[in-house]
Amino acid sequence: MRFSSALINTLRETPKEAETVAHKFMLRACMIKKLGAGIYDWMPLGFKSLQKVISIIREEMNKAGAQEVLLPVLSPAELWKETGRWNVYGKELMRIKDRHDNEFALGPTHEEVITDLVRREVNSYKQLPINLYQIQGKFRDEIRPRFGVMRSREFLMKDAYSFDRDEEGAMKSYKNMFETYVKICKRIGFKFRAVEADSGAIGGNLSSEFMVLAETGEDTIIYCEQCEYAANMEKASFKKDPVVDAAEEPLTKVHTPNIRTVEELAAFLGKKPEETAKTILYIVDGKKMAGAVIRGDREINEVKLKNALGASEIRLATPEEILEKTGAPVGFAGPINLREKGIRLAVDETAAYLKNTVTGGNENDYHYTGVNRGRDYQENLIADFAVAKKGDKCPKCGGALNEQKGIEMGHVFFLGNKYSKSMKATYLDESGKSKEMVMGCYGIGVSRVVAASIEQNNDENGIIWPMAIAPYEVNIIVVNAKYKEGMDYCETLYKELKEAGIDVIMDDRDISPGVKFKDADLIGFPLRVVVGEKNFVTGQVEVSYRRDPKNRIMLDKNSVAGEIINIVKSEKTGNTK
RNA sequence: CGGGGCGUAGCGCAGUGGUAGCGCGCUUGGUUCGGGACCAAGAGGCCGGAGGUUCGAUCCCUCUCGCCCCGACCA
């Protein structure tokens, strides 16, 4: 490509909407243009990178034995009603009606559609296992689209679905995809980490997220400094403190006027926050109230709590609801006599074994001391729903846990029979018996991958593309387009590289050299060839890496093509230095 | 959904009750040519939309649409 004819309008100033590094540079480098909130045009330069990501994913998926399909974006509401997700998926599901008032969803993911396809086409154990995937635009009506292409309402996704005869086979498929994702991340050049994750609206009970490590990531990863344990904060657990054995004290009601927070309460009673237990009231699935008891110094992880309660949605109860149901204002809820008021009681492991703790009295201005579970109150369930944080102990080895931010580029799920059951996706085994297929599903946010890569590879001047997904691998800069000998040489070099299969762009624009250098840095082509008159008259041409701009290598003009071809080929096959 | 903010040229911004400017970018000509050069001449705007007040509105008022940020976290 000649720069002079490419649609690359770089911007000197950052459009004000951009927050993150990747978003800023993608806009300035003319990779994407905004059409609306969370809706973007992919410009030629951005699309080239996107296509390279697509190619890598496609190659690895094919190598893993998956078959590519293309499913419709538009899917009938009936399919979603069959699995119940028409309601469960919530407002994030984009819904439309046709002229006959029939309802449709714009696919945010395709479990229903693929399961429907497979139940119609696959009937025999001989056809299993099978793994089908597609690369396609997905639609999600995000609460708040953000960071450009990182969280947008329409985005490109690779989604794959595996169908197996049994759990054992499905686990093999899952591991196969896990390994494939590792390969994809490595080829793209990510610094990443695979972590245990919550399954969210997709379902299933085993899942791993592939996190690209970056400060601007929206997810927090909890990992162990000593062993392999790593989990999304939504899922992460930690080793609980040992149970302290102490003689049970009598239950005592204490007047605690205007004492509402744990800090106030602990100070008032001369105790530490971890010697108290707080009770937080939730509304489960929009109807019933539930109480969650946790140690005073701990925070509730609502994702874990929601799972423990078997709920699809929970929210904090309002002060009015609390007063009406418990008879006490906010700040005085406690587990004692709560179940008698028809409130389900979940107790976190941090609070379950506390001896002689302090809780709310369910009465204005009163708390209890000397509270012991079993003697003073009975729970519906004990579970782990506390937030794990930096400094906690690893649940596997007891080592110190630490935190870091990450961008979720992919997610693999072991689904089990969630969809095959509700949608009756069955096959006949050797004995003619009908059995449910066991499924897995595997997603990669393809457009997000491009942004995540930039987030991980940049400096103050712009993007630093890894060779594998750079829009162009090499940029040839003619310092002065009117210098005929230099220009002629560049033309020859350009053709030679192109013929050798190198993705090359030549900046042949008749503008001052500073602009060309600035654009080269901003867009971030991995390799730069500079042909300037002063060097060229002595037969020298300068080559440099974007990632190491100060290191300029002077080459004989006749050896440039060969060198470049070697560098690009070796970097693309993963031999990066 | 709650709170805050912003809509004026492609991008970044000024501005005024009498229908608009600046910088960058763009076009043309010329001089430059190794880190966003210079001179000259140009093109480009229903001042987000609708209604109202007014002799007159981009400006004041009302509504609306769009966009951005923060929050939707606790006893």
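Everything below is about the structure printed above this text.
Residues numbered from 1 in each chain as written. Chains lettered and ligands numbered in written order. Predicted model: local features only at pLDDT ≥ 70, side-chain atom pairs only at ≥ 80, totals over all residues. Heavy atoms only, no water.

### Describing the packing of helix 13 (residues 484-499) against helix 16 (residues 560-572)
Thought 1: Between helix 13 and helix 16, whose axes approach to 10 Å, the crossing angle comes to 35°. Note on packing geometry: the crossing formed by helix 13 with helix 16 is right-handed. Taking contact as the criterion, the partners of Tyr489, Leu493, Glu496 and Leu497 in helix 13 are, on helix 16, Val560, Ala561, Ile564 and Ile565.
Thought 2: A per-class count over the contact of helix 13 with helix 16 returns seven nonpolar, no polar and one charged. (Axes fitted to C-alpha atoms, helices over the stretch in contact; angles between N-to-C directions. Helix = DSSP H or I, 4+ residues; strand = E, 2+ residues; numbered from the N terminus. Left-handed = near helix turned anticlockwise from the far one by under 90°. Contact = heavy atoms within 4.5 Å. Nonpolar A, V, L, I, M, F, W, Y, C, P; charged D, E, K, R; others polar.)

### Quick word on the sheet that holds strand 14 (residues 277-284)
Thought 1: Sheet architecture is open: five strands sit in the order 16-14-15-17-20, paired in mixed fashion. Edge positions in the sheet fall to strand 16 (314-316) and strand 20 (381-383), since each has one partner strand and no second. Averaged over all pairs of adjacent strands, the angle between their axes in this sheet comes to 35°, without regard to strand direction.
Thought 2: With three bridges connecting them, strand 17 (residues 344-348) and strand 20 associate as parallel partners. Within strand 20, the residue paired with Val347 across the bridge is Ile382.
Thought 3: Running at roughly 125° to strand 16, helix 8 (residues 302-309) makes contact with strand 14, strand 15 (288-295), strand 16, strand 17 and strand 20 of the sheet. (Pairing = 2+ DSSP bridges.)

### Things to note about the pattern of salt bridges
Thought 1: Enumeration according to the criterion identifies 44 salt bridges in this entry.
Thought 2: Taking the shortest distance from any N to any O, the salt bridge between Arg85 and Glu111 comes out at 2.7 Å. With a gap of 26 residues between them, Arg85 in helix 4 (residues 85-88) and Glu111 in helix 5 (residues 111-121) connect regions that are remote in the sequence. An identical accessibility class is assigned to Arg85 and Glu111; each is buried.
Thought 3: For the salt bridge of Arg119 with Asp116, the shortest nitrogen-to-oxygen distance reads 2.8 Å. Of the two residues, Arg119 and Asp116 are both situated in helix 5; the distance of three residues between them amounts to about one turn of the helix.
Thought 4: The buried category is assigned to Asp116, whose relative accessible area is 14%.
Thought 5: In the salt-bridge network here, residues are joined through shared partners; they are Lys48, Lys52, Glu473, Asp503 and Lys572. (Salt bridge = Lys/Arg side-chain N within 4 Å of Asp/Glu carboxyl O. Buried < 20%, exposed > 50% of the residue type's maximum accessible area, 1.4 Å probe, protein only.)

### Looking at unusual backbone geometry
Thought 1: Between Leu128 and the following residue, Pro129, the backbone shows a cis peptide bond with an omega angle of 0°.
Thought 2: Along the chain, the position of Pro129 falls in the loop between helix 5 and strand 7 (130-139).
Thought 3: For Asp101, which is not glycine, the phi torsion reads 75° and is therefore positive.
Thought 4: Along the chain, the position of Asp101 falls in the loop between strand 5 (94-97) and strand 6 (103-106).

### Details of the protein's contact with RNA strand B
Thought 1: Residues in close proximity to RNA strand B total 45 residues, the closest being Arg144, Ile322, Val330, Asp521 and Glu542.
Thought 2: For RNA strand B, the fraction of protein-proximal atoms (within 4 Å) that sit in sugar or phosphate groups is 48%.
Thought 3: One nitrogen or oxygen atom from the side chain of Arg28 is found 3.0 Å from a base oxygen belonging to RNA strand B.
Thought 4: Ile300 places a polar main-chain atom, nitrogen or oxygen, 3.2 Å from a base nitrogen of RNA strand B. (Near = heavy atom within 4 Å. Polar contact = N/O pair within 3.5 Å; in protein donor to acceptor, adjacent residues only side chain to side chain.)

### Thoughts on the sheet that holds strand 29 (residues 527-531)
Thought 1: Across the sheet, five strands lie side by side as 28-27-29-30-31; this open sheet has mixed pairing. A single partner strand is all that each edge strand has here, and the edge strands are strand 28 (504-507) and strand 31 (548-556). Direction aside, the axes of adjacent strands within the sheet are offset by 20° on average.
Thought 2: Sitting on the sheet, helix 13 is in contact with strand 27 (474-478), strand 28, strand 29 and strand 30 (540-545), with an inclination near 165° to strand 27.

### Re the environment of Asp164
Thought 1: For Asp164, the location among the structural elements is in strand 8 (residues 154-164).
Thought 2: When its relative accessible area of 4% is taken as the criterion, Asp164 is described as buried.
Thought 3: When the C-alpha positions of Asp164 and Ser5 are compared, they lie 51 Å apart, and in sequence the two are 159 residues distant.
Thought 4: Apart from the residues within four sequence positions on either side, Asp164 is in contact with Leu128, Pro129, Gly169, Ala170, Ser173, Met437 and Val438.
Thought 5: Here the side chain of Asp164 touches Ser173 through a polar contact of 2.6 Å, side chain to side chain.

### Regarding the packing of aromatic side chains
Thought 1: Per the stated rule, a full pass over the model turns up eight aromatic pairs.
Thought 2: For the ring pair Tyr483 and Phe536, a centre distance of 6.2 Å and an interplane angle of 85° mean the geometry is edge-to-face. Residue Tyr483 is found in the loop between strand 27 and helix 13, and its partner Phe536 is found in helix 15 (residues 533-536); the two are separated by 53 residues along the sequence. Each member of the pair, Tyr483 as well as Phe536, is classed as buried.
Thought 3: Through a chain of ring-to-ring contacts, three or more aromatic side chains come together here, namely Phe178, Tyr181, Phe192 and Phe210.
Thought 4: Positioned above the aromatic ring of Tyr472, the side-chain terminus of Lys48 is 4.0 Å from the ring centre.
Thought 5: Its guanidinium or amino end placed over the ring of Phe3, Arg509 lies 3.8 Å from that ring's centre, counting from NZ or CZ. (Phe/Tyr/Trp six-rings, centres within 6.5 Å; stacked < 30°, edge-to-face > 60°. Lys NZ or Arg CZ within 6 Å of the ring centre and 35° of its normal.)

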